[in-house]
Amino acid sequence: MPVEFRPSQDEKFGALVVGLDLSGTVTAADLETLRRALPNHRTLRFADQALKPEDFVRFSQIFGRPQPHVLEHLRLPGHPEILVLTNIVEDRSRPNGHNGAAFWHTDNSYEAEPASATMLYAREVPRTGGETLLCDMGLAYRGLSEALRQRCDNLVVRHSYGNRDQDTEHAAGALQGSQLKNVSEVTHPLVQSHPVTGEKCLYAVAASSRGIVGMPDDEALDLLSELKAHCTRPDYTVTHAYAVDELFIWDTILTMHAAAVIDEARDADNTRLMHRISVKGYPSPALAGTASA
Ligand SMILES: [Fe+2]
C-alpha cells in the first residue's frame, strides 16, 4: 500500500501520513518521500503506532542523527536519545521539566548545529490541554513587508540557552552542574534556506535569540520582538492536540513551537507523558535506502 499524505482540512499546515507501520520496514522510496514531505508540510502525524523505544530511535534516524538532550536528568534510562516530557511529579526535589517548553522557541537553536526535526511519541494524553502550538516561518517570512525582508536578509543572530522573555512567559528548564559547561553563545543567520527544499524562512526569532551581530542590543531586541509577534500571529499558527500512540514530527527550521501550559498530573484524565527525540542533519537519500524503521 503506497504512503498517502492527507493535508489537514482544519489547519493551515500539517499532514496525516497513512499506510506506514513505523515498527516495521520502510522502503527506500518511502524514506525519501518522508524526508521531502516533512519540510513541505511542516508537520507529519502518524496515528496508532506501537513503538518500543528502540523502534522510535531507529525511525528517527530517517530524518537525521538523534541527539541526547542537554537536560541529562530527563533522559529515558537506557535510551539517552529519548527525552521524557511529563507533568507527573514524582520527586519535588528533582525538576521534571514540567512547563519547561511552554514558550515560543526552536529546539536546540542555542547550539552550533541546531535540531533539524523534533518528534514526540504520545504515551499518555490528557483529556484537555497538552497541545503543541506551531507557527510557519516560511509563510511568515513571505508575509514581511519588502523593506523588512530586505532589512532581515543578511543579519546574524546571537543565541544562548533559555527564554529571553521569561518575564512574560515560562522559563526554560534550568541547567544544573556540568550541563552549564555544555552551552555557550552561538550565532545563526536570521534568514535561512531550508537544506532540503531551499525555501527561505525566518529562523528562531524567540527564546534563545538575544541580539544581532553589529547592532545595539535595544535595537536588536526591538526587531526580534517585532518578528516574534509577526511569526506567532494567528494567520501563521496551528494548535496540535495529540492522541495516544501517535507520533508527531515537526521541521524545526520552518517552524517555531510552544507547549501549552499544563497543570501537574492529578489523575489519568490530565496526565501527559511524551517521549521526545530531536535529530540533527539530513541523511542523504542513498544512506536512507539502507535503513529500516
Ligand atoms: Fe521544544
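Remember, predicted model here, so these are calculated numbers, not experimental data.

Attention shifts here to the overall build of the protein. The helix and strand tally for the protein stands at six helices and 17 strands. Counting only C-alpha atoms and orienting by the principal axes, one finds that the protein spans roughly 50 × 45 × 35 Å. Relative to its 293 residues, the protein shows a buried fraction of 53%. A separation of at least 24 residues holds for 82% of the contacts in the protein among residues at least 6 apart in sequence. As displayed, the protein has an accessible area near 13000 Å², and 50% of this comes from carbon and sulfur atoms.

What follows deals with the side chain of Lys228. Checked against the element boundaries, Lys228 lands in helix H5 (residues 217–231). Once residues within four sequence positions are removed from consideration, Lys228 is found in contact with Trp104, Arg164, Asp165, Glu169, Val205 and Ala206.

This paragraph deals with the sheet that holds strand E8 (residues 132–136). Spatially, three strands are ordered E14-E8-E16 in an open sheet, and the strand pairing comes out antiparallel. Two strands in the sheet have a free side with no partner beyond their single neighbour: strand E14 (237–240) and strand E16 (255–259). Shown here is a sheet whose adjacent strand axes are inclined to one another by a mean of 20°, direction ignored. As paired elements, E8 and E14 share four bridges and run antiparallel to each other. What sits directly across from Thr132, in E14, is His240.

This part is about the sheet that holds strand E10 (residues 186–189). Overall, antiparallel pairing links the three strands, which are arranged E10-E9-E13 in an open sheet. With partners counted over all chains shown, the strands left at the sheet margins are E10 and strand E13 (209–212), one partner each. Geometrically, the sheet is characterised by an average inter-axis angle of 35° between neighbouring strands, direction not taken into account. One ladder, built from three bridges, connects strand E9 (residues 156–159) with E13; its direction is antiparallel. Paired with Val157 across the bridge in E13 is Ile212. Each of E9 and E13 touches H5; the most contacted strand, E13, lies at about 125° to it.

It is worth spelling out the pattern of salt bridges at this point. As enumerated under the stated definition, the model contains 19 salt bridges in all. In this structure, the salt-bridge partner of Glu146 is Arg149, at a minimum N-O distance of 2.6 Å. On the criterion of helical spacing, the pair formed by Glu146 and Arg149 is a turn pair, its members being three residues apart in helix H4 (residues 146–152). Notably, a salt bridge pairs Arg233 with Asp235, separated by 2.7 Å at the nearest N-O pair. Judged by relative accessible area, Asp235 falls into the partly exposed class, the value being 44%.

Turning next to the confidence of the model for the protein. Residues of the protein with pLDDT of at least 70 account for 90%, and the chain-wide mean is 88. Overall, residues 286–293 carries pLDDT values under 50, and its contacts beyond four positions in sequence, including any with other chains, amount to 15 contacts.

In this section: the packing of aromatic side chains. Two aromatic rings, taken as a pair, are described by how far apart their centres are and by the angle between their planes. Throughout the structure, instances matching the rule amount to six aromatic pairs. Aromatic pair Phe56 and Tyr121: ring centres 6.0 Å apart, planes at 55°, arrangement tilted. Remark: Tyr121 occurs in strand E7 (residues 117–124) and Phe56 occurs in helix H2 (residues 53–60); sequence separation between them is 65 residues. Taken individually, Phe56 and Tyr121 each receive the classification buried, so the pair is uniform in this respect. Their ring planes at 50° and their centres at 5.9 Å tell us that Phe248 and Trp250 sit as a pair that is tilted. Across this residue pair, the class does not change: Phe248 and Trp250 are buried. Among the aromatic side chains, those forming a connected cluster through ring pairs are Phe46, Phe59 and Phe63.

Conventions adopted
Residues numbered from 1 in each chain as written. Predicted model: local features only at pLDDT ≥ 70, side-chain atom pairs only at ≥ 80, totals over all residues. Heavy atoms only, no water. Helix = DSSP H or I, 4+ residues; strand = E, 2+ residues; numbered from the N terminus. Buried < 20%, exposed > 50% of the residue type's maximum accessible area, 1.4 Å probe, protein only. Contact = heavy atoms within 4.5 Å. Areas by Shrake-Rupley, 256 points an atom, 1.4 Å probe, with all protein chains shown as cover. Pairing = 2+ DSSP bridges. Axes fitted to C-alpha atoms, helices over the stretch in contact; angles between N-to-C directions. Salt bridge = Lys/Arg side-chain N within 4 Å of Asp/Glu carboxyl O. pLDDT = per-residue confidence, 0-100. Phe/Tyr/Trp six-rings, centres within 6.5 Å; stacked < 30°, edge-to-face > 60°.

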